[in-house]
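Residues per chain are reported as follows:
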Amino acid sequence: MAIDGLIILDTSGRPVIQSGYTSFPPSYPLLHIDMLNNELSKASRAASVDPVICVPPGIGDLSSGSACCHVEMGELRLIASVSGDADPLIAFAFLQAFSDILHDYFGTVSTATLKDNFDVVYQLLEETLDSSGYPLTTSPNALRDIVLPPSLLSKLLASLPTAASSGPNRPGSSVASSISSSAFASPIPWRKLGVRHNHNEILFDVTEEMRAIVGRNGATLTSIVYGKIECNARLTGMPDLLLSFSNPNVIKECAFHSCVRQVWLQRWTREKTLSFVPPDGKSVLAEYQYATPHSALSGTVPVPLALKPNITVGEFGGTFTTPVVTSRSNASRPL
């Protein structure tokens, strides 16, 4: 099995909602919750707790060991329990995807939000994780056709009679059948059929993050730059787009959205261009690592800021402060 189940805890460590652990005893999810709460209580700060906590065999009804994978999501904490030969990276990838789905549906995710939308969250759990523990549909665009986002319209539709109680000719049955049929009508899972916009446009944002080690004298010892290309598509129909770059040689270690199909990746290898059918709305088209030009002597990207740290070492420890942060392009002007 890939993932045994998912649990969401509130700020006090109590479960708010969890998926059905049908193949495990009732104490199985409780053991993972208690193990995580014990580690959090012993740690000086929550960030110092290991992301993967081992649950040894012999505890409760467990005949074999398992692992508790957890991530923090605002004031909540997501837990994915895995056992057997499951890869914990699959659990963390699913936790991140489910967190993005909750933020896409509700905006701000909190304990009150989950309690007010229990039905929607349970439907999302059923559609994103099957009974065998394997992720299913994790694309928000596809999920919106299956699970209606919380709104006044969705609450009104939920109050209509269903097909079983009202017959095939009643409004409730026709609405339910149209929703279920349109959810799988599109040939590609990330974009539904019949998308229409009055103003057709697509916007791109390139966001880059630098991680570096700077010496005491301000020199860059080592650095690495990660970037991602975000797009917001408002296009009608099934547009087939071609994206080219003015300097593609600085991009390496790329990870593309599923809309960039495997066949189209050959064009990226040959021509350094991307051919794709974008999802409707916001999505991350690609993630990459910045490639240092061959002309760079040190092989690292210099930090574009001049840092002047102030280090004080005392008898019982030390302090580190950065009182002045200036731009290298204009060192006399603070940022």
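Residues numbered from 1 in each chain as written. Predicted model: local features only at pLDDT ≥ 70, side-chain atom pairs only at ≥ 80, totals over all residues. Heavy atoms only, no water.

A.B. asks: Before we go on, may I ask you to explain the overall build of the chain in this structure?
C.D. replies: Scanning the chain from terminus to terminus reveals nine helices and 13 strands. Burial analysis of the chain (335 residues in total) assigns 36% to the buried set. The contacts in the chain between residues at least 6 apart in sequence include a share of 58% that link residues at least 24 apart. Put simply, the chain shows about 19,600 Å² of open surface, and 54% of that area lies on carbon and sulfur atoms. (Helix = DSSP H or I, 4+ residues; strand = E, 2+ residues; numbered from the N terminus. Buried < 20%, exposed > 50% of the residue type's maximum accessible area, 1.4 Å probe, protein only. Contact = heavy atoms within 4.5 Å. Areas by Shrake-Rupley, 256 points an atom, 1.4 Å probe, with all protein chains shown as cover.)

A.B. asks: How should I be thinking about the nonpolar core in this particular structure?
C.D. replies: Taken as a class, soluble globular proteins show a tendency for nonpolar side chains to be buried jointly. Counting residues in each nonpolar core, the largest one holds 32 residues, and the members touching the most others are L6, I8, F98, L102, Y105, L114 and L124. Of all the secondary-structure elements, those providing two or more residues to this core are β1 (5-9), β2 (15-18), β4 (66-73), β5 (76-83), α2 (88-106), α4 (118-128) and α5 (140-146). In this view, L102 contacts I8, M73, G107, V109 and L124; residues no more than four positions away in its chain are not counted. Ranked by size, the runner-up nonpolar core spans 16 residues in total, among them L274, F276, L285 and A286. (Core = buried A, V, L, I, M, F, W, Y, C linked by side-chain atoms within 4.5 Å.)

A.B. asks: Whenever I open this one, the confidence of the model for the chain confuses me. Can you help?
C.D. replies: Low pLDDT marks regions whose predicted coordinates should not be analysed in detail. For the chain, the mean per-residue pLDDT works out to 80, and 80% of the residues sit at or above 70. Confidence, expressed as mean pLDDT per element, reaches its minimum in the chain at helix α7 (residues 163-166) with 46 and its maximum at β1 with 93. This stretch, residues 163-177, has a pLDDT under 50; its non-local contacts, to residues over four places away or in other chains, come to ten contacts. Low pLDDT, under 50, characterises residues 330-335; the predicted model gives this stretch nine contacts beyond four residues in sequence or across chains. (pLDDT = per-residue confidence, 0-100.)

A.B. asks: Would you mind showing me how to read the environment of V55 here?
C.D. replies: If you trace the backbone, V55 turns up in strand β3 (residues 52-55). Take V55: its relative accessible area is 0%, and that puts it in the buried class. Between the C-alpha atoms of V55 and L31, which are 24 residues apart in sequence, the distance is 7.9 Å.

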